[in-house]
Amino acid sequence: MSAVTRTEARRTTGWVVMETLRGYGVDTVFGIPGTHNLELYRPLGALGIRPVTSRHEQGAGYAADGWSLQTGLPGVVITTSGPGLLNALSAAGTAYCESRPMIIVSPGPARGAEFADVGTLHETKDQLAAASAIVEWGRRVASAEEAVAAVHDAFALFATGRPRPVYLEIPLDLLEEETGIDAAALAPRAAAPVPAPDAAGVTAAAALLAGAGVPVILAGGGSRGAAPQLRALAERLAAPVVTTLNAKGVLDEHHPLAIGSHLRLAAAREAARDAEVLLVVGSKLGEAELWAPRLEAAGRVIRIDLVASQIDKNQAAEIGLVGDAAASLDALLAALDALPGGGAAAPEIRERAEQRVARIREDVRAESLALSAENTRLAERIAEALPADAIVATDSSQIAYWGLLDSLRATRPNSTPYMATYATLGYGLPAAIGARIAQPARPAFVVTGDGALMFSVQECITAVEQGLDVTVIVVDNGGYAEIRQNEADAGIAPVGVELAQPDWVALAAAFGGTGRSARDGAELAAAVAAAVAAGGLQLIHIDQASFAA
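A brief look at the structure comes next. None of these values were measured; they are calculated from a predicted model.

With that settled, consider the overall build of the protein chain. A tally of regular secondary structure across the protein chain gives 21 helices and 17 strands. Since a compact globule built from 549 residues should have a radius of gyration of about 24 Å, the 24 Å found for the protein chain is in line with a globular shape. Counting only C-alpha atoms, the protein chain reaches 75 × 60 × 45 Å along its principal axes. Among the 549 residues that make up the protein chain, the fraction classed as buried is 55%. Restricting to contacts in the protein chain with at least 6 residues of sequence separation, those with at least 24 account for 74%. Accessible area of the protein chain: about 20,900 Å², with a carbon and sulfur share of 54%.

Here it is in structure tokens:
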């Protein structure tokens, strides 16, 4: 078989779709080449787009999400038809639940061949319907012009609406068809301006906040693009800030007003619930973030959200400001400027607020220890060992939600890729890969459980292939410990939860990386330092049962 050494340039529909994406700044795509999607790969070299080949399409989707969190751009996933697309839909479900932008592009049946049921390769009953049931919108296009328009519409959604994944299906014959579409049609389009929050509502909200003794700010994922404004408002009002896990680090968690991302723990949740005035920025206040059915705020509530449908979701608001978080907080700060003294809290109020935050932090740690002393103490050792500016991706593992996400203090948003609502396994490793590609100057770590890592352990070779420095810390508790406990609580003897373990150190070496074990805090700190210094794929195995925290 002869090798082709130079890609032929054919201006197909696949080409112009990728060229349109490149115009919006997308320089990396995630996926797996397949028989039906080759025209989406043809232009990548010419357009300067980096292809990242995962070893499973679910991993491609999670890596795209990790990349998106660091760049602010939608993660782009290329799948083949049928099984490739369906494999990626768990990642689409994650992006939907966590309100993150993603574009999945896949070929579909040729025009006229829909529902043919004749046994063609990858034939699927209705893959458009399958994807559309998961994403914000799914679209099957009939021309190159419609395909390009769909890309523009996706970016308009991400700029002005609640960011969620979309699916673009291009019939196979159309994907391979050359087009004479005008290059001007591919150029990025300016998004419509996001409506400014109601001026009267802003004025009323500013007065309410300034008149409160100690207002509290609750920041959700919608606040991640408004970190400077949120900090300025918190400092102006001397307002303690509690965040959801999706907003972890939106206020540096070392700040004296930062309670941290502990909304699911009673001590922090009650600070928000009992506030005289509570400002909620970009959060739906869902049960998965609260670990409670509802917040049931006792005081007066102000909410800021990009879409009106969220203003009273799960918690009614006295004042609702519909608009971009950064612009709305800027408007609040300007309205405070017009008040006597600029609405600034007195020094003694600030001192009391900071003392209160310190007490809440102590209560949070005590609550974490009561919930799981073993995971909390181990997580504290891990947090102490990690570099200060590390990106730390996690999974829905006990070491994450019962430990690390409480113990680790993030200095900026999106430093802990996670999915609090969808709560999937297998997310952490590919998310760290995507994050490292987007942020090559920041150390990239994965902290996960043994059961979770086995969902995506094949992506270790993706990290090696891409030449990435990624360190995996796998906390081995012998299987699915959470489900083991659920079974015990239900009066069921352990079934299906005691998992055989690989030789983790040898497994890392088999992938072309380096494996180490750590038996106590000192060995862990040394292993982390060695991993960062060596680079490449690194794995640190911790046997939780024998680790001396």
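Moving on, we get to unusual backbone geometry. Unlike most non-glycine residues, Ala238 shows phi in positive territory, near 55°. Residue placement: Ala238 occurs in the loop between helix H10 (227–237) and strand E8 (241–243). For Ala238, a relative accessible area of 0% translates into the label buried. Non-glycine residue Asn414 carries a positive phi angle of around 65°. Following the sequence through the fold, Asn414 ends up in the loop between helix H15 (398–407) and helix H16 (428–438).

The tendency in soluble globular proteins is for nonpolar side chains to be buried as a group. Grouped together as the largest cluster of nonpolar side chains are 49 residues, with contacts concentrated most on Phe30, Tyr418, Leu429 and Leu453. The residues touching Tyr418, leaving out its near neighbours within four places in the chain, are Arg100, Leu245, Asn246, Thr394, Asp395, Ser396, Ala400, Tyr401, Leu405 and Tyr427. Grouped together as the second largest cluster of nonpolar side chains are 38 residues, Leu209, Leu251, Ala326 and Ala345 included.

Let's shift gears to the sheet that holds strand E14 (residues 444–449). Sheets are built from strands paired through backbone hydrogen bonds, the pairs being either parallel or antiparallel. Taken in spatial order, the 5 strands make up an open sheet running E13-E14-E15-E17-E16, and their pairing is parallel. Of all the strands in the sheet, the pair left with one neighbour each is strand E13 (391–394) and strand E16 (514–517). For this sheet, the mean inter-axis angle between neighbouring strands, taken without regard to orientation, is 20°. Here E13 pairs with E14 via 4 bridges, running parallel. Bridging across to E14, Thr394 finds its partner in Val447. Helix-sheet contacts for helix H21 (residues 521–534) involve E14, strand E15 (470–476), E16 and strand E17 (537–543), and the interaxial angle to E17 is about 170°.

Where two aromatic rings form a pair, the distance of their centres and the angle of their planes describe that pair. As enumerated under the stated definition, the model contains 6 aromatic pairs in all. Aromatic side chains Tyr62 and Tyr427 sit 5.3 Å apart centroid to centroid with 65° between the ring planes, which places their arrangement in the edge-to-face category. Of this pair, Tyr62 sits in helix H4 (residues 57–71) while Tyr427 sits in the loop between H15 and H16, and the two are 365 residues apart along the sequence. Assessed through its relative accessible area of 1%, Tyr62 is described here as buried. Residue class for Tyr427 comes out buried when judged on its relative accessible area of 0%.

Let's shift gears to the pattern of salt bridges. Applying the stated criterion across every chain, the model contains 24 salt bridges. One salt bridge connects Arg10 with Glu8, and the closest N-O pair in it is separated by 2.6 Å. As a salt-bridge pair, Glu465 and Arg55 come within 2.9 Å of each other at their nearest N and O atoms. Here Glu465 is found in helix H18 (residues 460–465), whereas its partner Arg55 is found in the loop between strand E2 (50–53) and H4, with 410 residues between them in sequence. Among the residues examined, Glu465 registers a relative accessible area of 46% and is labelled partly exposed. Among the ionic contacts, a cluster of salt bridges with common partners joins Arg111, Asp173 and Glu177.

So, on to the packing of H10 against helix H13 (residues 325–337). Packing of H10 against H13 leaves a shortest axis separation of 9 Å and a crossing angle of 30°. In terms of axis orientation, H10 runs roughly parallel to H13. Here the hand of the crossing between H10 and H13 comes out left-handed. In this structure, H10 uses Gln229, Leu230, Ala232, Leu233, Arg236 and Leu237 to contact H13, whose residues at the interface are Ala326, Leu329, Asp330, Leu332, Leu333, Leu336 and Asp337. The class makeup of the residues in the contact of H10 with H13 is 9 nonpolar, 1 polar and 3 charged.

Rules used throughout
- Residues numbered from 1 in each chain as written.
- Predicted model: local features only at pLDDT ≥ 70, side-chain atom pairs only at ≥ 80, totals over all residues.
- Heavy atoms only, no water.
- Helix = DSSP H or I, 4+ residues; strand = E, 2+ residues; numbered from the N terminus.
- Rg over C-alpha atoms; globule rule 2.2 N^0.38 Å.
- Buried < 20%, exposed > 50% of the residue type's maximum accessible area, 1.4 Å probe, protein only.
- Contact = heavy atoms within 4.5 Å.
- Areas by Shrake-Rupley, 256 points an atom, 1.4 Å probe, with all protein chains shown as cover.
- Core = buried A, V, L, I, M, F, W, Y, C linked by side-chain atoms within 4.5 Å.
- Pairing = 2+ DSSP bridges.
- Axes fitted to C-alpha atoms, helices over the stretch in contact; angles between N-to-C directions.
- Phe/Tyr/Trp six-rings, centres within 6.5 Å; stacked < 30°, edge-to-face > 60°.
- Salt bridge = Lys/Arg side-chain N within 4 Å of Asp/Glu carboxyl O.
- Parallel < 35°, antiparallel > 145°, perpendicular 65-115°, else oblique.
- Left-handed = near helix turned anticlockwise from the far one by under 90°.
- Nonpolar A, V, L, I, M, F, W, Y, C, P; charged D, E, K, R; others polar.

Taken by themselves, the reported measurements are silent on function.
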